[in-house]
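This is what each chain is made of:
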Amino acid sequence: MKTFVFTSPTDRMFCFSAGQYVLVHLKIEGAAVTRSYSVSSPPTRPLDLQITVKRTPGGLVSNWLHDNLGAGDEIAIEGPLGSFNLDDLPYEKPLFLSGGSGITPVMSMLRALTDRAADQDISFVHSARTPGDIVFRRELDALASRFPNVKVTCVCSQEDPTWRGPTGRIDSQMLLTLVPDLHNRTIFVCGPEAYMKAARACLDAIGVAPSRYHQESFGGGSSPQLEPAPTIPSAVRFVRSGIVHNCLPGETLLEAARQCGVYVPTACQQGVCGTCRIAKLSGEVAMEDLGGLAPEEKSAGYVLACCSHPQGSVSLDL
């Protein structure tokens with residue numbers, strides 16, 4: 001893993017909330033590529049912005065960043081984005097649960113709280129495969145040692161003769177043992193889809209109120225199973241652009257936009273992050289998102305371009 005530290009060329013301060021993410025825009029082999037990365041630094045240190053990126057086998061952007069981005073290079077960053085943050089979500093006695101690289105947004109939250117010397121009772125449980133895979137391990141140990149109100153526990157899923165901490169995958173009994181008062185905590189969860197599903201199942205089994213649970217996906221999910229392609233002709237009208245596009249069978253709104261040069265910001269392209277949210281003015285779509293839209297956004301007519309198939313004629317505010 002590498003942490004990339006960015007400063008503004010005009011010495012502007014970065015304004016964001018702990019837990020939010022940014023979109024990194026790159027051009028790789030002549031093609032424009034966008035990815036979302038959580039900000040790992042806290043807003044209490046606004047003179048720079050940091051993202052911590054894990055090199056993923058076969059990952060186009062993560063490998064490019066690791067191999068090519070160096071001191072003095074300039075890239076385009078858009079944001080901040082995301083409602084998973086300490087400013088928009090009320091919290092008392094926070095419990096941060098993270099798995100693997102999903103530690104980055106909650107690390108921003110922990111750093112912000114400790115920078116402010118917040119007096120909340122803070123619990124942090126991070127899951128990794130092995131001791132060598134624990135991200136920010138030395139800093140986590142230092143924060144737990146420095147602040148008596150911060151308790152940090154790392155869990156390794158694989159046996160290791162050098163590891164003295166909890167071993168295995170999180171379950172209800174482990175969470176209750178590590179955090180006996182979790183019913184009274186506000187819980188922030190981030191990690192791969194499998195990790196978040198397991199965490200949510202554990203908390204549901206324990207009886208934690210849904211209002212106390214907030215999550216942010218960190219990739220690793222499977223592509224959504226979309227509805228079969230419609231048998232009726234479909235078309236998308238981009239109202240502000242004045243373009244009408246006749247769709248091919250199975251084409252998504254995002255694919256339609258790309259075909260006719262209409263820009264739609266994207267990141268995960270799995271219906272998770274919500275980056276490609278657009279306002280639907282009329283018509284129907286078949287959409288299967290993985291949590292990228294809040295219920296009130298759906299009620300307001302927003303759809304996710306990456307996982308929405310037009311069903312007949314659709315008008316979009318683009």
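Presented here is a report on the structure given in the accompanying data block. (Residues numbered from 1 in each chain as written. Predicted model: local features only at pLDDT ≥ 70, side-chain atom pairs only at ≥ 80, totals over all residues. Heavy atoms only, no water.)

1. Describing the pattern of salt bridges
Side chains bearing opposite charge may pair, as long as their charged atoms lie close to each other.
And step 1. On inspection of all chains with the given rule, the structure shows 10 salt bridges.
And step 2. A salt bridge links Asp181 to Lys93; the nearest nitrogen and oxygen atoms lie 2.6 Å apart. Taken together, the positions of Asp181 in the loop between α4 (172-178) and β9 (186-191) and Lys93 in the loop between β5 (76-81) and β6 (94-99) put the pair 88 residues apart, joining distant regions of the chain.
And step 3. Given a relative accessible area of 22%, Asp181 falls into the partly exposed group.
And step 4. What makes Lys93 partly exposed here is its relative accessible area of 27%.
And step 5. In this structure, Arg111 engages Glu139 in a salt bridge whose closest nitrogen and oxygen atoms are separated by 2.6 Å. You can see Arg111 sitting in helix α2 (residues 103-115) and its partner Glu139 sitting in helix α3 (residues 137-146), a full 28 residues away along the chain. (Salt bridge = Lys/Arg side-chain N within 4 Å of Asp/Glu carboxyl O. Helix = DSSP H or I, 4+ residues; strand = E, 2+ residues; numbered from the N terminus. Buried < 20%, exposed > 50% of the residue type's maximum accessible area, 1.4 Å probe, protein only.)

2. Details of the packing of aromatic side chains
And step 1. By the definition in use, this model includes 4 aromatic pairs.
And step 2. Ring centres of Tyr91 and Phe188 lie 6.3 Å apart, and the angle between their planes is 75°; on these two criteria the pair is classed as edge-to-face. Taken together, the positions of Tyr91 in the loop between β5 and β6 and Phe188 in strand β9 put the pair 97 residues apart, joining distant regions of the chain.
And step 3. Exposure remark for Tyr91: the relative accessible area of 21% places this residue in the partly exposed category.
And step 4. With a centroid separation of 5.6 Å and an interplanar angle of 35°, the aromatic rings of Phe96 and Phe188 are classed as tilted. Residue Phe96 is located in strand β6, and its partner Phe188 is located in strand β9; the two are separated by 92 residues in the primary sequence.
And step 5. Among the aromatic residues, ring-to-ring pairing joins Phe84, Tyr91, Phe96, Phe124 and Phe188 into one connected group.
And step 6. Note that Arg111 overlies the ring of Phe136, its terminal NZ or CZ placed 4.8 Å from the centroid.
And step 7. One residue, Arg200, lies across the ring of Tyr213, its end atom 4.4 Å from the ring centre. (Phe/Tyr/Trp six-rings, centres within 6.5 Å; stacked < 30°, edge-to-face > 60°. Lys NZ or Arg CZ within 6 Å of the ring centre and 35° of its normal.)

3. Thoughts on the environment of Arg277
And step 1. One can find Arg277 in strand β13 (residues 277-287).
And step 2. Counting along the chain gives 15 residues from Arg277 to Gly292, while the straight-line C-alpha distance between them is 8.2 Å.
And step 3. At 2.4 Å, the side chain of Arg277 and the side chain of Glu297 are in polar contact. (Polar contact = N/O pair within 3.5 Å; in protein donor to acceptor, adjacent residues only side chain to side chain.)

4. Points about the layout of surface pockets
And step 1. Taken as a whole, the second largest pocket spans an internal volume of roughly 830 Å³.
And step 2. In terms of lining residues, the second largest pocket is bounded by 28 residues, among which Gly82, Ser83, Cys273, Gly292 and Glu297 are the most central.
And step 3. Every element with two or more residues in the lining of the second largest pocket is listed here: β5, α5 (193-206), β10 (213-217) and α7 (295-299).
And step 4. Broken down by element, the residue count for the lining of the second largest pocket peaks at 5 residues, all from β10.
And step 5. Looking at the lining of the second largest pocket residue by residue, the classes come out as 13 nonpolar, 9 polar and 6 charged. (1 Å grid on protein atoms, 1.4 Å probe; cavity = no way out; pocket = protein on both sides within 12 Å on 5 of 7 lines; lining within 4 Å. Points joined across faces, edges and corners; volume = space filled by probe spheres on them. Nonpolar A, V, L, I, M, F, W, Y, C, P; charged D, E, K, R; others polar.)

5. A word on unusual backbone geometry
And step 1. Cis geometry is adopted by the peptide bond preceding Pro80, which originates at Gly79 and carries an omega value of 5°.
And step 2. For Asp11, which is not glycine, the phi torsion reads 60° and is therefore positive.
And step 3. On the secondary structure map, Asp11 appears in the loop between β1 (2-6) and β2 (21-28).

6. Comments concerning the pairing of strand β4 (residues 49-53)
And step 1. Of all 5 residues that make up β4, 5 are buried, and the element is covered over most of its length.
And step 2. In β4, alternate side chains face the same way, and those of Leu49, Ile51 and Val53 on one face and Gln50 and Thr52 on the other are all buried.
And step 3. As judged from the 5 bridges shared by β1 and β4, these two strands associate in the antiparallel manner. Looking across to β4, one finds that Phe4 is bridged to Ile51. (Pairing = 2+ DSSP bridges.)

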